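Here is what each chain is made of, one letter per residue.
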Amino acid sequence: AIQHVDLLTIGAGGGAYPAAFRLAQAGRSVIMVDPKGAMSGNCLYEGCVPSKAIRETAEIYQSQQRLAGHGLAGAISIDFTKITMHKDAVQARRYEQHAAELAAARNIKLIQGTARLLGLHEVAVNTTDGEQRFHCAQIIIASGSDVFIPPIPGAELCLTSHDLYKPDSVLKTLPERLIVIGGGYIGLETATFFAALGTRVTLLQKGEQLLSGMDPGMVTLLTPLLDPAIRIRTGVDVTAVTLTPEGGRRVHYTRAEETDTLDGDVVLMAVGRRPVIPVGTTEIGIAVTEKGIDVGPSLQTVHPHIYACGDVNGRVPLFHAAVRQSMVAAHNILGGNIPLDYADFNHVPTTVFTLPAAAYVGLTPALAEAQGIKLQTGRYDFAEDSRAQILERMEGGIQLFFAADSLRLLGGWVVGIDAGQLIGQIGTAAAHGLTAYDLARFADQHPMSAEGIGKAARSLF
Ligand code: ADP
């Protein structure tokens, strides 16, 4: 029998559940489908949350070393097994919290299974108890993204971020030597966490720039601040991974037409993520490119009642962007699939959670130049910052980019202390059209790193 629902979401991650709850609240019947059988998708399973559980521990360890000799005597010892147990405990606590939210909600059900599209309003769900069919007034495709494994012989000998960060993760002890393939944000972040905890890390990057796709200006500020113990090799093409006689891993690569090998205990394959497209998507006329399902700011596909939110559309593949997109879809569904609400893809704060972190939002110089937009830059150096001095973390700074004529804030970046926190405030200001005058007049809190935002604005006058 076919069951009717008002909304079915394919996936139960950040692109799906905010809309599911909003519509259920409005009295609509909602089904979420996810093979994990839990809400939160890959963010909680193997992404943002577990990686940060490792990162924050590594940062505290690093801070303790910086303050050693200033009254914090005696080194903290590292027990990586317990660090991963803490990570698991945080994940478990959040899964419990989400299960309680779901249990308390009316009109909404989560089915553990995999969905495929059968028609414009028809979805089949494969579960361990067989197949269920639904007729859906609306559908949100929010199937997210997955680690991309390149077709390199021996790729299966490598770990991925999935193996590293999932609950009960694969790596329970700190490897002595880690080789990271890929200098994108996941590879670079992980390289810095492990280096801070004492692993010898080598990072192999195909191109010449780390964090390709991000503004080279920001990358140039970040790179010299990374732990110099991390060996970074660019222009490297990995050709194979094999086992060493001792059971380690050997990475074979070419660089400047020379071939060479490098041995490590663990190899992390981090060359990118790809959208996960549910079976049946193209068959119902939805175009799929390499980036994902093509949608505009209303999140509607070519079929106004079928939405694609989150990583699956490739616009801004970050959890918080997915959450906002999901709410936009909910508002447009409540408006009868007539676009009333729009996602702003241009003001989503993005942080590379390396040690130290680098974060950006909005228009940065490389983009501005490409668009022929003239900027005035406000600067603040963390060497002058009270909080950075107190914590012995004076590297990096804040740069704010204003339209040269109106001094309207168009974007900014932060490299160094509190970058991931500060970029939210800068993003709010940019998204709401504040100017350098507005920021200059605001009494930022002292002695917090946020006072650097007002000071960067005042540096223009
Ligand atoms: P986003 O933040 O964009 O929502 P996530 O990757 O966090 O992305 O979540 C997507 C979720 O969708 C994952 O938990 C994934 O297992 C699930 N998923 C992927 N394909 C399907 C499918 N065909 N049916 C149901 N769920 C799916």
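Nothing here was measured: the structure is a model prediction, and the numbers come from that model.

A.B. asks: Would you mind going over the overall build of the protein chain in detail, with residue names and values included?
C.D. replies: Helix and strand counts for the protein chain come out as 13 helices and 21 strands. In terms of C-alpha radius of gyration, the protein chain reaches 23 Å, essentially the compact-globule figure of 23 Å for 461 residues. Reported as C-alpha extents along the three principal axes, the dimensions of the protein chain are approximately 70 × 65 × 45 Å. In the protein chain, buried positions account for 52% of the 461 residues. In the protein chain, the share of contacts with a sequence separation of at least 24, taken over all contacts with a separation of at least 6, comes to 62%. Looking at the protein chain as shown, the accessible area adds up to about 20,500 Å², and 54% of this sits on carbon and sulfur atoms.

A.B. asks: Tell me about the site of the ligand, and please be specific about residues and values.
C.D. replies: Neighbouring the ligand are 23 residues, the closest being D34, K36, N42, A115 and D311. At 2.8 Å from an oxygen atom of the ligand is found a main-chain nitrogen or oxygen belonging to G15. Here an oxygen atom of the ligand sits 2.7 Å away from a polar atom, N or O, in the side chain of K36. Considered on its own, the ligand offers 580 Å² of accessible surface; in the complex 92% of this is hidden by protein. Counting residues per element, the ones that place at least two in the shell around the ligand are β2 (30–34), α2 (41–46) and β4 (114–117). Residue contributions to the shell around the ligand peak at three residues, all from α2. Residues of the shell around the ligand, tallied by class, amount to eight nonpolar, twelve polar and three charged.

A.B. asks: Any details on the pairing of strand β5 (residues 122–127)? Residues and values, ideally.
C.D. replies: Pairing geometry for β4 and β5, over four bridges, is antiparallel. Each bridged residue has a counterpart across the sheet, and for L117 the counterpart in β5 is V123. Linking β4 back to β5 in an antiparallel pair, the connection comprises four residues. Direction of pairing for β5 relative to strand β6 (residues 130–141): antiparallel, over a ladder of six bridges. When the sheet's bridge partners are listed, V125 is paired in β6 with Q132. Between β5 and β6, which pair antiparallel and follow one another directly, the connecting turn spans two residues.

A.B. asks: So, the nonpolar core: which residues are in play, and what are the values?
C.D. replies: If you look at the biggest cluster of nonpolar residues, it comprises 50 residues, and the most contacted ones within it are L8, M32, V123, F134, I139, I140 and I141. Sequence-distant contacts of I141, that is, excluding residues within four places in its chain, are made with I10, L117, P278, T281, I286, I293, I306, Y307, A308, C309 and V312. Listed in part, the 38 residues of the second largest apolar core include L164, L171, A270 and W413.

A.B. asks: Got a sec to walk through the sheet that holds strand β12 (residues 249–255)? Specific residues and values, please.
C.D. replies: Sheet strands associate in pairs through backbone hydrogen bonding, adopting either a parallel or an antiparallel arrangement. Strand order in the open sheet formed by three strands is β11-β12-β13, with antiparallel pairing between adjacent strands. In this open sheet, the two strands that pair with only one neighbour each are β11 (236–243) and β13 (258–264). With direction set aside, neighbouring strand axes in the sheet form an average angle of 25°. Two strands pair when backbone bridges link them, and β12 and β13 are joined in this way by seven bridges, in the antiparallel orientation. Bridge pairing in β13 links V251 to L262.

A.B. asks: Kindly report on the packing of helix α3 (residues 48–67) against helix α6 (residues 185–197), identifying the contributing residues and their values.
C.D. replies: Interaxial distance between α3 and α6 falls to 9 Å at its minimum, and their mutual angle equals 40°. On the basis of the axis angle, α3 is oblique to α6. Here α3 runs over α6; the crossing is left-handed. Residues S51, K52, I54, R55, A58, Y61 and Q62 of α3 touch α6, and the partners they reach there are E189, F193, A196 and L197. Tallied by class, residues from the contact of α3 with α6 come to six nonpolar, two polar and three charged.

A.B. asks: Mind laying out the pattern of salt bridges, listing which residues take part and the relevant values?
C.D. replies: On inspection of all chains with the given rule, the structure shows 16 salt bridges. For R273, the salt bridge identified is with E46, shortest N-O distance 4.0 Å. Of this pair, R273 sits in strand β15 (residues 273–275) while E46 is found in helix α2, placing the two residues 227 residues apart along the sequence. A residue is classified by how much of its surface remains accessible, and R273, at 24% relative accessible area, is partly exposed. Since its relative accessible area comes to 6%, E46 is described here as buried. For the salt bridge of R177 with D265, the shortest nitrogen-to-oxygen distance reads 2.9 Å. Remark: D265 occurs in the loop between β13 and β14 (266–269) and R177 occurs in strand β8 (residues 177–181); sequence separation between them is 88 residues. Taken together, the shared-partner salt bridges in this structure form one network comprising R55, E56, E59 and R393.

A.B. asks: Could you give an account of the packing of helix α1 (residues 17–25) against helix α8 (residues 319–334), with specific residues and numbers?
C.D. replies: In the contact formed by α1 and α8, the axes pass within 7 Å of each other and the chain directions differ by 30°. In terms of crossing hand, the pair formed by α1 and α8 is right-handed. Together, Y17, P18, A19, R22 and L23 of α1 and F319, V323, S326, M327, A330, H331, I333 and L334 of α8 make up the contact between the two elements. Along the lines of polarity and charge, the residues of the contact of α1 with α8 split into ten nonpolar, two polar and one charged.

What counts and what doesn't
Residue numbers here run from 1 along each chain, matching the order of that chain's written sequence. Under the rules for a predicted model, residues below a pLDDT of 70 receive no local features and side-chain atom pairs below 80 are neither given nor counted, while totals for whole chains, interfaces and linings still include all residues. Heavy atoms throughout the structure, all of them, feed into the side-chain values; hydrogens and water do not. In DSSP terms, a helix is any run of H or I states spanning at least four residues, a strand is any run of E spanning at least two, and both are numbered starting from the N terminus. We take the radius of gyration over the C-alpha atoms and set the globule estimate at 2.2 Å times the residue count to the 0.38 power. Think of it in three bands: residues with accessible area under 20% of the maximum for their type are buried, residues over 50% are exposed, and the middle band is partly exposed, with areas taken using a 1.4 Å probe on protein chains only. Any two residues whose heavy atoms approach within 4.5 Å at even a single point are treated as in contact. Throughout, the Shrake-Rupley method with a 1.4 Å probe supplies accessible areas, and for residues the shown protein chains are the sole cover considered. Neighbouring residues are identified by heavy atoms, a residue being near a molecule or strand if any of them is within 4 Å of it. Residues adjacent in sequence count toward polar contacts only when both atoms are side-chain atoms; beyond that, a polar contact is any pair of N or O atoms within 3.5 Å, and within protein one must be able to donate a hydrogen and the other to accept it. Asp, Glu, Lys and Arg are counted as charged, while Ala, Val, Leu, Ile, Met, Phe, Trp, Tyr, Cys and Pro are counted as nonpolar; the rest, among them Gly, fall into the polar class. Strands are treated as partners if at least two bridges between them are detected by DSSP. By convention a nonpolar core is built from buried Ala, Val, Leu, Ile, Met, Phe, Trp, Tyr and Cys residues, the set being connected through side-chain atoms within 4.5 Å. Between the N-to-C directions of two axes lies an angle of 0 to 180 degrees, each axis being a line fitted to C-alpha atoms and, for a helix, fitted only over the stretch in contact. Note that the term roughly parallel is reserved for angles under 35 degrees, roughly antiparallel for angles over 145, roughly perpendicular for angles of 65 to 115, and oblique for everything else. Note: crossing handedness is left-handed where the near helix turns anticlockwise from the far helix by less than a right angle, and right-handed where it turns clockwise. Salt bridge, as applied in this entry: a Lys or Arg side-chain nitrogen positioned within 4 Å of an Asp or Glu carboxyl oxygen.

None of this, on its own, says anything about what the molecule does.
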